[in-house]
Amino acid sequence: MNWRSQKLTLDYPVSVTPMGEIGRYPVRPGLFDMNGAMVVGSGVNFTIHTHNGTSCRLLLFHKGEEEPYAVLPFPEEYKVGDVYSMIVFDLKIEEFEYAYQIDGEYCPKRGMLFDKNVVLLDPYARAVTGQANWGDRMIKHYHARVVKDVFDWGAMPQSSQELADLIIYEMHVRGFSYHPSSGVKHPGTFDGIREKIPYLKELGINAVELMPIFEFDETMNSRRVGGKELLDYWGYNTVGFFAPNSNYASTKEHNREGTELKELIRELHDNGIEVILDVVFNHTAEGNEKGPTFCFKGIDNKIYYMLTAEGDYYNFSGCGNTLNCNHPVVRQMILECLRYWIINYRVDGFRFDLASILGRNEDGSPMNKPPLLESLANDPLLSNVKLIAEAWDAGGLYQVGSFPASGRWAEWNGRYRDSLRGYLKGDCWEVWDAAWSISGSGDLYGGYYSDLDNGYAGYNSCVNFLTCHDGFTMYDLYSYNEKHNEGNGWNNTDGADDNRSWNCGWEGETNDPEVLRLRYRMIRNACAVLMCSRGAPMFLAGDEFGNTQYGNNNSYCQDNEISWLDWRLLEKNRDLFEFFKFMIHYRKEHLVIRRKLPDAVCGMDPIHTHHIRAEQVSIPRDARTIAISFAGYDRKKGEDDLVYLAINTFWEDVEITLPDLRNRNAWYLSVNTYGDGQGRYCYKEGSEVRIDGSFIMRPRSVAVFTGRAL
């Protein structure tokens, strides 16, 4: 073959030929605006940039080998600005892996960590190699693979669901199906989730939030405690932002990495379920000065990380380093990353871990209008994508209700979690915050109970939750007064101490029927309130059948029975599953819970709080029993949509009265978490009990009433 006459047709309206030779490979200057490595005709384009580096070399490896078989220095004429780019011909993508070496100044006090001998991972790598199987230690260096994307999405439209209409189900890819009781063919994988889609549809959720799926090294900081190997199970230490975790695929996908994930996303979409990714842009797996150098430190440490004047790492993440998110280079990388996942994986949204870091300046100070958050909020490709912030960080910045660019960003409502956890277990002093939270947190997101059109932004800005990966499961919330993280190896010093939990009279597992009845009633209470609160609800996978982590509220390192869902509990607690299923369906059926409707014909206010008597619309500061009403006219159904949520946190019976519907409608009991003594907690339309005037709320119970025409 005469490579000098060979033509390369790109996706661009140009034709190029090789112009030289390096290490016996025909080469030419590459596509400087295309970061990463990709196939272009019969060549592979490699592009990387460094501001402070002085030279760059491309390393080529045979699969699984640690020594390169070829080293190709980038000529100076293959550099434009800070960008090195080179097309290399005669490469077969199935036969090589690649990395870089960058030279430059080494002076830690000035934030410069260049070392020409360190092998560096491409920050734009579409696939990362180094671990053959989950839990196996990687080879000495991370390498990247070139991915050839041939997946055909067809004409699949982008989801048009608003955040307010979502019921979000947070899950860990491995933990969701790895337990033998899951019964799937491919446990712990994307395919394992695919096999459970019929279950997800039956439950009724319409969005899954996947804990980190970007490539991470679960063996990082691995250790043995109490005879168990502890790993970085959660994955909140990113190695590659553009690469899916290869160990979450059920088969090896050499040079086709991501295919199984794409098939999962397509099938979830086909079943009306959106996909939200939990992303970690606040720090990386390189840690502090004691951590490894495998990517950003060796490419441009001073640019990618927040550093003190002495060259030390700011640690607003609690994980050793903090990404310098508002530096233009880092900001551009994050934007390109999100665009990549939207275009190539068709995800529907992102939840940003410790998102307040994304609004910090290079010196760590909070910014008024952070460029990164403004860029993401206004990017055309992200315009229909959910952007959800965990609006706090480990450096003490707490921005729930005030997250920058909040008109576009949604937030995990931490105030909802804290106030409702406290109030539902009997902390009556939380009542006002609890009432605001159930009603849509108008005090945080603008507007008031009676006039939510007055600047209220909470419909698509508020994600309500009581449980998530970080903390107790819902079963443990009512089984433990204290965290029990001894198995993590830190003498139970890790994990949150402020759990606002209650063991219902016995710490941990018990066979006491009274304690168990109370625990499951408390779970039903939590579920009913969550599903009848304004703002998108989210709950942790397994809560719907009473999954436990045995009191561990920080299971980040537990790749074992503590973290894996035990699907045997689904049959044991089938009635709890049916309750969750009913409440999800009830929320979907009653639009008035999710948003303000036209005024109700019956004359009830759109939303209001009530004390024991419905006409008492002001509630005492220490009320143990409250109610929230939602009312509006549903044009589609051609009738009023009326919901009355009553909560009794008192340990005795309380008689309440219901609003007067002016002889147009009547109230019917749809939910009673105390039950009827026959194991019945829910009443489908047509089978409800009509309630006239008053109702006896049993101890520590929740009731939901539906108003319908006589």
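Scroll up to find the structure.
Keep in mind that what you see is a predicted model, and the values were worked out from it rather than measured.

## Topic: the overall build of the protein
Here comes step 1: The number of helices and strands found in the protein is 15 helices and 35 strands.
Here comes step 2: A globule of 710 residues ought to have a C-alpha radius of gyration of about 27 Å, and the protein, at 28 Å, matches this closely.
Here comes step 3: Expressed as a percentage of its 710 residues, the buried residues of the protein come to 63%.
Here comes step 4: Taking the contacts inside the protein whose residues are at least 6 apart along the sequence as the reference set, 70% of them involve residues at least 24 apart.
Here comes step 5: When the accessible area of the protein is evaluated, it comes to approximately 26800 Å², of which 48% is carbon and sulfur surface.
Here comes step 6: Counting 73 positive and 98 negative side-chain charges, the protein places the averaged centre of each group 2 Å from the other.

## Some points on the pairing of strand β8 (residues 70-73)
Two faces make up the sheet, and in a regular strand the side chains alternate between them.
Here comes step 1: By the alternation rule, side chains of β8 split into A70 and L72, which are all buried, and V71 and P73, of which none is buried.
Here comes step 2: Sheet topology note: the strand β7 (residues 55-61)/β8 ladder contains four bridges and is antiparallel. Counterpart to L59 in the pairing with β8 is V71.

## Some details on the packing of aromatic side chains
Remark: the centre distance and the inter-plane angle together describe each pair of aromatic rings, the angle taken between the planes.
Here comes step 1: Summed over all chains, the structure comprises 48 aromatic pairs.
Here comes step 2: Ring geometry for F472 against Y480: centres 6.3 Å apart, planes inclined by 25°, an arrangement best described as stacked.
Here comes step 3: One cation-aromatic arrangement involves K196 over W567; the distance from NZ or CZ to the ring centre is 3.8 Å.
Here comes step 4: Above the plane of the ring of F316 lies R360, whose end atom (NZ or CZ) is 3.9 Å from the centre.

## Digging into the sheet that holds strand β30 (residues 639-648)
The strands that make up a sheet are held in pairs by hydrogen bonds between backbone atoms, and each pair lies either parallel or antiparallel.
Here comes step 1: Spatially, the six strands line up as an open sheet ordered β28-β29-β30-β35-β32-β33, and their pairing is antiparallel. Of all strands in the sheet, those with a lone pairing partner are β28 (607-610) and β33 (689-691), marking the two edges. Averaged over neighbouring strand pairs, the angle between their axes works out to 25° when direction is ignored.
Here comes step 2: Bridge count for β28 against strand β29 (residues 625-634) is four bridges, and the pairing is antiparallel. Considered in β29, the bridge of H610 is made with A627.
Here comes step 3: Across the face of the sheet, helix α14 (residues 574-589) comes into contact with β30, β32 (665-672) and β35 (701-709) while running at roughly 145° to β32.

## Looking at the pattern of salt bridges
Here comes step 1: Counted by the stated rule, this structure contains 36 salt bridges.
Here comes step 2: We note a salt bridge from E97 to R145, for which the minimum N-O separation is 3.7 Å. One end of the pair, E97, is in strand β11 (residues 97-103); the other, R145, is in strand β15 (residues 143-145), with 48 residues separating them in the sequence. Of the two residues examined, E97 and R145, each falls in the buried class.
Here comes step 3: Two residues, R595 and D165, come together in a salt bridge whose shortest N-O distance is 3.0 Å. In this pair, R595 sits in the loop between α15 (591-594) and β28 while D165 sits in the loop between β15 and β16 (168-171), placing the two residues 430 residues apart along the sequence.

## Regarding unusual backbone geometry
Here comes step 1: The backbone of N491 shows a phi angle near 55°, a positive value even though the residue is not glycine.
Here comes step 2: Even without being a glycine, R700 presents a positive backbone phi close to 45°.
Here comes step 3: Residue position: R700 is located in the loop between β34 (694-697) and β35.
Here comes step 4: With a relative accessible area of 13%, R700 lands in the buried category.

## Side note on the sheet that holds strand β27 (residues 536-540)
Here comes step 1: Strand order in this closed barrel of eight strands is β16-β17-β22-β23-β24-β25-β26-β27, and the pairing throughout is parallel. The sheet shows a mean angle of 25° between the axes of neighbouring strands, taken without regard to direction.
Here comes step 2: Inspection of the sheet shows strand β17 (residues 207-210) paired to strand β22 (residues 274-279) by four bridges, in the parallel sense. What sits directly across from A207, in β22, is E274.

What counts and how
Residues numbered from 1 in each chain as written. Predicted model: local features only at pLDDT ≥ 70, side-chain atom pairs only at ≥ 80, totals over all residues. Heavy atoms only, no water. Helix = DSSP H or I, 4+ residues; strand = E, 2+ residues; numbered from the N terminus. Rg over C-alpha atoms; globule rule 2.2 N^0.38 Å. Buried < 20%, exposed > 50% of the residue type's maximum accessible area, 1.4 Å probe, protein only. Contact = heavy atoms within 4.5 Å. Areas by Shrake-Rupley, 256 points an atom, 1.4 Å probe, with all protein chains shown as cover. Lys, Arg positive; Asp, Glu negative; His and termini not counted. Charge placed at Lys NZ, Arg CZ, Asp CG, Glu CD. Pairing = 2+ DSSP bridges. Phe/Tyr/Trp six-rings, centres within 6.5 Å; stacked < 30°, edge-to-face > 60°. Lys NZ or Arg CZ within 6 Å of the ring centre and 35° of its normal. Axes fitted to C-alpha atoms, helices over the stretch in contact; angles between N-to-C directions. Salt bridge = Lys/Arg side-chain N within 4 Å of Asp/Glu carboxyl O.

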